[in-house]
Amino acid sequence: MSSTLILKARICQKSLQPFIHQARPAVFTLSKSSQLPPSARFLCTRDPNQTDRKTRGQTDGQSGIKNSAIRQEKGRLWDDAVDGRGKSSTFRQRTSFPKSVFAAGTAKRTAEMLKRKASVASEEEDEDKPEQRTTRGEGRMQPPDRPLPPAEWKKLKESLGNPQRFDTQMMSALFHSEEALDIAKSLLTFVAMETGTLSYKLLLRYLTLCVRGGHDNEVFDVYQIMQENFPVLDTGACSLFIKSFSRTERWREAISILQEVKKVFSPSPRNYSDIISAAVQHGDVNTAWALYDELIEKGLSPHWDTWDVLFKGERKSKEEGEAMSQTEQQERLLGILLYMRNNQIYPPYSLTSSIKAWFESVTGQNWTGSWTNASPKGVCRCCGSKLESIQLTAEEYQQLRDRVMSDIIEGRDVFNKTTPEELEQFKVFVKRKPAFDVVIDGLNVANVNKDRSKQSETLLAVVSELERQGLTILVLGRKHMLRPSRSWDKHNMNLIQQKAHCFFTDNISEDDPFLLYATLHSGNHCRFVSRDLMRDHKACLPDGATRRLFFKWQRGHQLVVDGYVVAGRRVRFQSIPSYDTIIQTEGDSWHIPYDDTEDRSTYEVPQQWLCLTKKH
């Protein structure tokens, strides 16, 4: 802080005492020294509107299993139908197998295609929306290009109509100024002289400016002032102090702030990351790993840079005490990879590069890393290893089936999707039928083409393609599809009912629960056809492990029509990979799928891999 600001604040000492003593409690208390310097004590008052804002990846169902030779022949015909033959996008690198709805970047490319088709006026309107989200008055306020004396600040404020929040709005406007620090100091001097106090909110914005600008010495001054004049600090202020202290020689004080934070609420992963990075950079790997363990125990998900710094970190402590052995640190770093596997986490390229460098640096183990991808049959193109199958084990399948039945099909809101009578009727229907090979969401598939007058024709083409392969088909639809109309041709619907088993629900019922029930009830071989990604239904599952199991099953069983259905042409489906996209190891090798793009949606999986092998 400038000496001028401190001097001006001392003048206001008597007038500020009522503000200090009337401060109300907030989130948590930091330890305060008994002797408070007058220069700090009388700079600040609590903002009465201050609030704490918390900021916050076995059975086959029915009896009567068909002859295995027939099943194998169906599998061969099935694979022929699902060969996709999709052309690679011009926006991205050609993949090793035809496109999939779950391939990274698919959603982004689809959105871009739809955006290009939209009108220019709509695009401009959408682009203008974010710029309108500014605080009233703040967007119009322009900061000066140099520090101002109090008199000039007063003139500037008057020229803007003396807005009530002039100080905080101006401080926010200074975030993008090259000379922000000196101008901000002159603003604080003006406010201290005009009002006799500096509000909590104003100091918090000044603190933000200092942290963002890397002015850590100024942060130390603000910390002393706020600690000694406010009984409590909110989460935002504490996070900023932790961030700033962690990048200096006073990084251990950030641990003390973290300990105070933990008395009231759980710190954020970013808080832990900042201190872990500092501990590693200063050679205290034991403290770094202790904080990492605490982070995991609290159920928080670490940031990428937390893992990155641990893989890059020194393996010998520069602090006093016994250093962590190389063997122990290796086990801990491999534990990070297992954590990513268990939580289906895909590291970005930068972190994966650090993982590769660490493996190759391990003394005496001769690890070699290569960037690669997988063949359609699930073979690593680098080392030739077979990747894990996308198919669920009998135990996994039974576990998933039980949870889907209880949490999605028979969940608390099941009768918002259907009626008790209809659900029971469907269960009886399924039990009386042979095990299905494929279940079709009829209405969803019929809407693949834009021409709504050919819905029944589109559905018939898909059913006919699957029937040609000798598959047992179930078509789920709604009763309105049976009423002859321009969209639903009676002849087409009759042909569909001849080629497939059909069940038509009430028009107000949802199709998806019936589709999931029939598919899972028929056995692990049964697939389903739909463009619906089932995200709402996956969210109904109670825990992350079951949701990840559902996603694995979905990727291995969902068929999506590739492109449009054209009369006279065979229907093609998007590719279903034979392997699971997940971190995996066989002792002498690791295969790590990684993000090489920022375009991947949460329900998509990467297409690029890091292959790590140990040479003997």
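Residues numbered from 1 in each chain as written. Predicted model: local features only at pLDDT ≥ 70, side-chain atom pairs only at ≥ 80, totals over all residues. Heavy atoms only, no water.

- As named in an unreviewed UniProt entry, the protein is Mitochondrial ribonuclease P catalytic subunit, taken from Amphiprion ocellaris.
- You can read under Sequence similarities (unreviewed entry) in the UniProt record for the protein the words "Belongs to the PPR family. P subfamily." (UniProt positions renumbered as here; feature names shortened; annotations may be inferred.)

**As for the overall build of the protein**
Okay, step 1: When helices and strands are counted, the protein shows 26 helices and 13 strands.
Okay, step 2: When the 616 residues of the protein are sorted by exposure, 51% land in the buried category. (Helix = DSSP H or I, 4+ residues; strand = E, 2+ residues; numbered from the N terminus. Buried < 20%, exposed > 50% of the residue type's maximum accessible area, 1.4 Å probe, protein only.)

**Some points on the confidence of the model for the protein**
Detailed reading of predicted coordinates is not advised where the pLDDT is low.
Okay, step 1: Summing up the model confidence of the protein, the mean pLDDT is 79 and the portion of residues at 70 or higher is 74%.
Okay, step 2: Per-element averaging of pLDDT across the protein places helix α2 (residues 13–21) at the bottom with 33 and strand β12 (residues 589–594) at the top with 97.
Okay, step 3: Considering only residues more than four positions removed or in separate chains, one finds that residues 129–139, a stretch of pLDDT under 50, has eight contacts. (pLDDT = per-residue confidence, 0-100. Contact = heavy atoms within 4.5 Å.)

**Describing the side chain of S244**
Okay, step 1: Here S244 shows up in helix α12 (residues 235–246).
Okay, step 2: Looking at S244, the relative accessible area reads 0%, which means it is buried.
Okay, step 3: Leave out the neighbours within four places in its chain, and S244 touches V211, D216 and V219.

**Looking at helix α24 (residues 512–522)**
Okay, step 1: Within α24, eleven of the eleven residues are buried, which leaves it mostly tucked inside the rest of the structure.
Okay, step 2: Buried within α24 we find D512, P513, F514, L515, L516, Y517, A518, T519, L520, H521 and S522.
Okay, step 3: Note on α24: the residue one or two positions beyond its end, G523, has a positive phi of about 120°.

**Side note on the sheet that holds β12**
Okay, step 1: Taken in spatial order, the four strands make up an open sheet running β5-β13-β12-β11, and their pairing is antiparallel. Edge positions in the sheet fall to β5 (367–372) and β11 (584–585), since each of these pairs with one other strand and no more.
Okay, step 2: Where β5 and strand β13 (residues 608–614) come together, six bridges link them in antiparallel fashion. From the neighbouring strand, G369 faces β13, where its bridge partner is L612. (Pairing = 2+ DSSP bridges.)

**Observations regarding the sheet that holds strand β9 (residues 527–529)**
Okay, step 1: The strand order β8-β7-β6-β9-β10 describes an open sheet built from five strands, whose pairing is parallel. Sheet topology places β8 (501–505) and β10 (558–559) at the edges, where each strand pairs with a single neighbour.
Okay, step 2: Direction of pairing for strand β6 (residues 438–441) relative to strand β7 (residues 473–478): parallel, over a ladder of four bridges. In the strand pairing of β7, I440 is matched with V475.
Okay, step 3: Running over the sheet, helix α23 (residues 490–499) touches β7 and β8 and is turned about 120° from β8. (Axes fitted to C-alpha atoms, helices over the stretch in contact; angles between N-to-C directions.)

**Here's the deal with the UniProt feature "repeat: PPR" (unreviewed entry) in the protein**
Okay, step 1: As recorded in UniProt, the feature "repeat: PPR" (unreviewed entry) lies at residues 268–302.
Okay, step 2: Within the segment residues 268–302, helix and strand shares are 74% and 0% respectively, and the terminal C-alpha atoms sit 9 Å apart.

**Observations regarding the pattern of salt bridges**
Okay, step 1: Evaluated as defined, the whole model comprises 23 salt bridges.
Okay, step 2: A salt bridge links K185 to E218; the shortest N-O distance between them is 2.9 Å. Here E218 lies in helix α11 (residues 216–229) and K185 lies in helix α9 (residues 180–195), a separation of 33 residues in the sequence.
Okay, step 3: Classification of K185 as buried rests on a relative accessible area of 15%.
Okay, step 4: Judged by relative accessible area, which is 12%, E218 ranks as buried.
Okay, step 5: Through salt bridges with shared partners, one network takes in E396, K552, R555 and D580. (Salt bridge = Lys/Arg side-chain N within 4 Å of Asp/Glu carboxyl O.)

**Looking at the packing of aromatic side chains**
Okay, step 1: Taken as a whole and assessed by the stated rule, the structure comprises 26 aromatic pairs.
Okay, step 2: Ring centres 6.4 Å apart and planes at 90° place the aromatic pair F166 and F190 in the edge-to-face group. You can see F166 sitting in helix α8 (residues 166–173) and its partner F190 sitting in helix α9, a full 24 residues away along the chain.
Okay, step 3: The residue whose ring lies beneath R555 is F551, and the NZ or CZ to ring-centre distance is 4.6 Å. (Phe/Tyr/Trp six-rings, centres within 6.5 Å; stacked < 30°, edge-to-face > 60°. Lys NZ or Arg CZ within 6 Å of the ring centre and 35° of its normal.)

**Comments concerning the environment of S301**
Okay, step 1: Considering the arrangement of structural elements, one finds S301 in the loop between α15 (285–297) and α16 (304–312).
Okay, step 2: Residue class for S301 comes out partly exposed when judged on its relative accessible area of 40%.
Okay, step 3: Taking the C-alpha atoms as reference points, S301 and Y339, 38 residues apart in sequence, are found 10.0 Å from one another.
Okay, step 4: Residues in contact with S301, not counting those within four places in the same chain, are P269 and Y339.

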